[in-house]
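# Coordinate inspection notes
In case you want the letters, here they are:
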Amino acid sequence: RFKESFTSSALALFGNGWTWLVINENGQLAVMNTYNGGSPLTAVPGSRDVKVKGISYSQVMRNRGRRPFVKLTPVLGLSMWQEAYLPDYGLDRETYVSRFWDVVNWNVVHERLMNTRTGSQMPR
C-alpha cells in the first residue's frame, strides 16, 4: 500500500518538485509532495501539499522563514524534476517512478527510520 500511495502522489505532482516519505517527531510516517525547491526540513515554503497534522498551506506560507510547525525528517525522496526523467524516459513519468522502486536501497531507508526514531544523527 505504501508504494501505491507514494507512486500516485508522485504522478499527481504537477510541475517540478519532489515526493517524500517523511517521519514527524511523533514517529508518524507520511507521504508528501513539495514543489520546486521546497523541502520537509524547512516547513516546505514552496509546497502546496502541506497537510501534516492539520497544518494548512496558508499557515505554512504565513510562517515562511521561521521555524517549522512540525519537525519533519525526510526518509526517502524522489525527484520529479524533468531533468531527472526526461533523458532516460522522455515524458513517461510512470515508467520512471516504476523503475525508481528497483533502485531504492531499503537498508538505508530502514537505517534512516531507526535513527530518526532513536534520535540518532541521520546517515549520509
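Let me sum up the structure you'll find in this document. (Residues numbered from 1 in each chain as written. Predicted model: local features only at pLDDT ≥ 70, side-chain atom pairs only at ≥ 80, totals over all residues. Heavy atoms only, no water.)

With that settled, consider helix 4 (residues 93-103). For helix 4, every residue scored as buried is listed here: Arg93, Tyr96, Val97, Phe100 and Trp101. Around the axis of helix 4, the buried residues are gathered within 145 degrees of arc, so they sit on the same side. Along helix 4, the residues that are exposed and aim more than 90 degrees away from the buried face are Glu94 and Asp102. (Buried < 20%, exposed > 50% of the residue type's maximum accessible area, 1.4 Å probe, protein only. Helix = DSSP H or I, 4+ residues; strand = E, 2+ residues; numbered from the N terminus. Arc of directions from axis to C-beta.)

Take the environment of Ala10 next. Among the secondary structure elements, Ala10 is positioned in helix 1 (residues 2-12). Here the alpha-carbon distance between Ala10 and Trp20, two residues ten residues apart in the chain, equals 8.7 Å. Once you skip the residues sitting within four places of it in the chain, Ala10 turns out to touch Thr19, Asn33, Leu78, Met80, Arg93 and Val97. (Contact = heavy atoms within 4.5 Å.)

Quick look at the nonpolar core now. Among the nonpolar cores identified, the biggest contains 18 residues, and Phe6, Leu76, Leu78, Met80, Val97, Phe100 and Trp101 are the most heavily contacted of them. Residue assignment for this core shows that the elements contributing at least two residues are helix 1, strand 1 (17-24), strand 3 (72-79), helix 4 and helix 5 (106-118). When residues of this core are assigned to their parent elements, the largest contribution, four residues, is made by helix 4. Here Met80 is in contact with Ala10, Leu13, Gly15, Asn16, Gly17, Trp18, Thr19, Tyr85, Arg93, Tyr96 and Val97, once residues within four sequence places are set aside. (Core = buried A, V, L, I, M, F, W, Y, C linked by side-chain atoms within 4.5 Å.)

All right, on to helix 1 then. Of all the residues in helix 1, the buried ones are Phe6, Ser9 and Ala10. The arc enclosing the buried residues of helix 1, seen along the axis, measures out at 100 degrees, which places them on a common side. Exposed residues pointing more than 90 degrees away from the buried face of helix 1 are listed as Glu4 and Ala12.

As for its position among the elements, Thr95 is in helix 4. Each C-alpha atom of the pair Thr95 and Tyr85 lies 9.2 Å from the other, and the pair is ten residues apart in sequence.

Time to look at the side chain of Thr19. Mapped onto the secondary structure, Thr19 falls in strand 1. A polar contact of 2.7 Å, which involves the side chain of Thr19, links it to the side chain of Asn33. If near-sequence neighbours (up to four positions away) are discounted, Thr19 is found in contact with Phe6, Ser9, Ala10, Leu13, Val31, Met32, Asn33, Leu76, Gly77, Leu78 and Met80. (Polar contact = N/O pair within 3.5 Å; in protein donor to acceptor, adjacent residues only side chain to side chain.)

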